[in-house]
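The lines below spell out each chain.
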Number of protein chains: 2
Amino acid sequence: MTLETVSETKCFGGNQGVYKHASSSTGTDMTFQVFVPEHREGEKLPVLWWLSGLTCTHENAMIKCHYHQACAEHGVILVGPDTSPRGEDVPDDEAYDFGQGAGFYVNATQEPWAKNFQMRRYVEEELPALVADNFPVDMERQGISGHSMGGHGALTVSLRNPGRFRSTSAFSPIVSPMNCPWGEKALTGYLGDNRDAWREYDACALIEDGARIDHLLVEQGRADNFLDDELKTWLLEDAVRKAGMNASIAMQEGYDHSYFFVSTFIAEHIKWHAERLKA
Amino acid sequence: MTLETVSETKCFGGNQGVYKHASSSTGTDMTFQVFVPEHREGEKLPVLWWLSGLTCTHENAMIKCHYHQACAEHGVILVGPDTSPRGEDVPDDEAYDFGQGAGFYVNATQEPWAKNFQMRRYVEEELPALVADNFPVDMERQGISGHSMGGHGALTVSLRNPGRFRSTSAFSPIVSPMNCPWGEKALTGYLGDNRDAWREYDACALIEDGARIDHLLVEQGRADNFLDDELKTWLLEDAVRKAGMNASIAMQEGYDHSYFFVSTFIAEHIKWHAERLKA
């Protein structure tokens, strides 16, 4: 598998890289970013997967999330993929919350989306294999996090892959796409009307159906204008409580949905992941 | 003077605001950003002015510079103006390095620029008065910094206003616009052919002519692709040495001209400013 280097930039002593490759999952070129902290030659580092939200490419978190300092301090590699396939030949929708930039980390089954929108396969299988082959990652020490639609991605990827991630966190996640306008639109479009097929893409439904996360940390701003209608953190609170799951869900006064919120707490999250990703 | 609030967002416990006002200096609306850390009611905080580089608006540093954590920790207000007047009625040039987005912090004397491009007056007089009236700043405790063209701005504003700034720093500054293509083009365009009129906008010439900065810190990446032809840090090294000025000019191995470089060292700079801005 050929990896093309788009850019490499020194940051906090490490390397912030952007890479491109032809993806077999999506049938398109996919771009992703990797921050590799300074490390000893031959050393393998734990890896934190970062999934971004609606409208984002690989680039938003790289610029706005401010993870570099904490990743450098704790020796954690961070990998951030794009949120969907892109290109003139790839189906799209005019809305910001469906189509390109809004892959929802599902494997689409409906036309015209099924051919390219295989983001679950991409983030669960293809990208990890590619990263394991090309970067100094210790795949026995993986954590996952994300923001908004990417928080949904982090939760559901982790719930469907027990044992793969030592730590899972999320910022402002869509906790139950089956129960909010963003999610209902996307899941109907990508998966069709049969709501049973949606359950493996809904963190609350997955927990209800028996899936578990050992170490879960969620951060949510109370001034987030999507909280009431889209994010509905209380549904996750409820699911976690009923399941007897160990989870920390922190509601933060005054913070909104932006990366200003994420950047405020990212260092704490990375420290929390790093503690669980120690060799 | 009326100040319109464009946005206010909680970040690291403080408030990241964006504001707009009708500027008498530029004859246009001007947008600027202010980060105010959490503080006691009635308390006045020191202020650090941040001047940005070519193509930037008020927004780039706010997103990419990552100053929030250090400003919050040290209790420093940061203010960042736009780099030029903007608008359909404002003269412009097709190039990225002249006209809108490239004000060079001068008072233009040449047509068609003179009417709007009064950025020296804006950052030295109008904006400080506006900020003093509207934010909890202690104007006895001011520092200034900036990046690239904004580093040139920070150095020259400080050199022309002895005693105003307790601390001055710059990242990747254009140290002598009289001696590089970016600067020669801009100064010719805004000020005309008489090079004598350029000297008050050239840090090295100002030092040669007797101006001084008490506390100066400069950060420059050695892998910066503008170093050899545009930034020429050695000219400042030379001017400072000849003047017997106390300055720390740090050349950083492997770093380029981007905000990935700035963000790596911004916390150190803010700490350095804060030490000099103590009550």
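Scroll up to find the structure.
Sequence order sets the numbering: in each chain, residues are counted from 1 along the sequence as written. For this description, chains carry letters from A and ligands carry numbers from 1, given in the order in which they are written. pLDDT decides what is reported in this predicted model: residues at 70 or higher carry local features, side-chain atom pairs at 80 or more are listed and counted, and totals for whole chains, interfaces and linings draw on all residues regardless. Derived side-chain values reflect all non-hydrogen atoms in the structure, with water molecules and hydrogen atoms excluded from consideration.

1. Section: the interface of chain A and chain B
Where we set the bar: Contacts between residues were defined by any pair of non-hydrogen atoms, one from each residue, lying within 4.5 Å. Put simply, buried area is how much 1.4 Å-probe accessible surface two parts lose in total, over both of them, once they are put together. Throughout this description, the term salt bridge denotes a Lys or Arg side-chain nitrogen within 4 Å of a carboxyl oxygen of Asp or Glu. Within 3.5 Å is the distance limit for a polar contact, defined as a pair of N or O atoms, with the added protein rule that one can donate a hydrogen and the other accept it, and that residues adjacent in sequence qualify only through two side-chain atoms. In DSSP terms, a helix is any run of H or I states spanning at least four residues, a strand is any run of E spanning at least two, and both are numbered starting from the N terminus. In this count, Pro and Cys sit with the nonpolar residues alongside Ala, Val, Leu, Ile, Met, Phe, Trp and Tyr, while Asp, Glu, Lys and Arg are called charged and the others, Gly among them, polar.
Across the contact, 21 residues belong to chain A and 21 residues belong to chain B. For the pair chain A and chain B, the summed buried area comes to about 1800 Å², and 65% of that belongs to carbon and sulfur atoms. Summed over the shared surface of chain A and chain B, the result is 0 salt bridges. Here chain A and chain B share 9 residue pairs in polar contact (both at pLDDT 80 or more) between them. Secondary structure elements with two or more residues in the side of chain A that touches chain B: strand E1 (4-11), helix H1 (59-64), helix H2 (68-74) and helix H9 (259-276) of chain A. Sorting elements by how many residues they give to the side of chain A that touches chain B places H9 of chain A first, with 4 residues. Split by residue class, the side of chain A that touches chain B holds 7 nonpolar, 10 polar and 4 charged.

2. Describing the packing of aromatic side chains
All names here are of chain A. Let me state the cut-off plainly: Pairing of aromatic rings covers Phe, Tyr and Trp, the last through its six-membered ring, and needs centres within 6.5 Å; plane angles under 30 degrees mean stacked, over 60 mean edge-to-face, and all others mean tilted. Relative accessibility decides the category of a residue: with a 1.4 Å probe and only protein chains considered, values under 20% of the type maximum give buried, values over 50% give exposed, and everything between is partly exposed.
One pass over the full model with this rule turns up 32 aromatic pairs over all chains. Arranged with centres 6.5 Å apart and planes meeting at 85 degrees, the rings of tyrosine 96 and tryptophan 182 form a pair that is edge-to-face. Residue tyrosine 96 is located in the loop between strand E5 (77-81) and helix H3 (119-134), and its partner tryptophan 182 is located in helix H5 (residues 181-191); the two are separated by 86 residues in the primary sequence. Residue class for tryptophan 182 comes out buried when judged on its relative accessible area of 4%.

3. Some remarks on the pattern of salt bridges
Counted under the stated rule, the structure contains 30 salt bridges over all chains. Residue lysine 242 of chain A pairs with aspartate 238 of chain A through a salt bridge whose shortest N-O separation is 3.0 Å. With lysine 242 of chain A and aspartate 238 of chain A both in helix H8 (residues 233-243) and 4 residues apart, this pair spans about one turn of that helix. The class of lysine 242 of chain A is exposed, set by a relative accessible area of 63%. With a shortest N-O distance of 3.6 Å, arginine 276 of chain B and glutamate 275 of chain B are connected by a salt bridge. One continuous salt-bridge network, built from bridges that share partners, spans Arg120, Glu124, Arg160 and Glu200 of chain A.

4. Quick look at the relation of the copies chain A and chain B
Spelled out, the test is: When the copies are superposed, the least-squares fit draws on C-alpha atoms of residues that have pLDDT of at least 70 in both.
Of the transformation superimposing chain A on chain B, the axial component is 0.0 Å and the angular component is 180 degrees, with the fit at an RMSD of 0.0 Å. Here the transformation between the copies is reduced to the relation of a two-fold axis.

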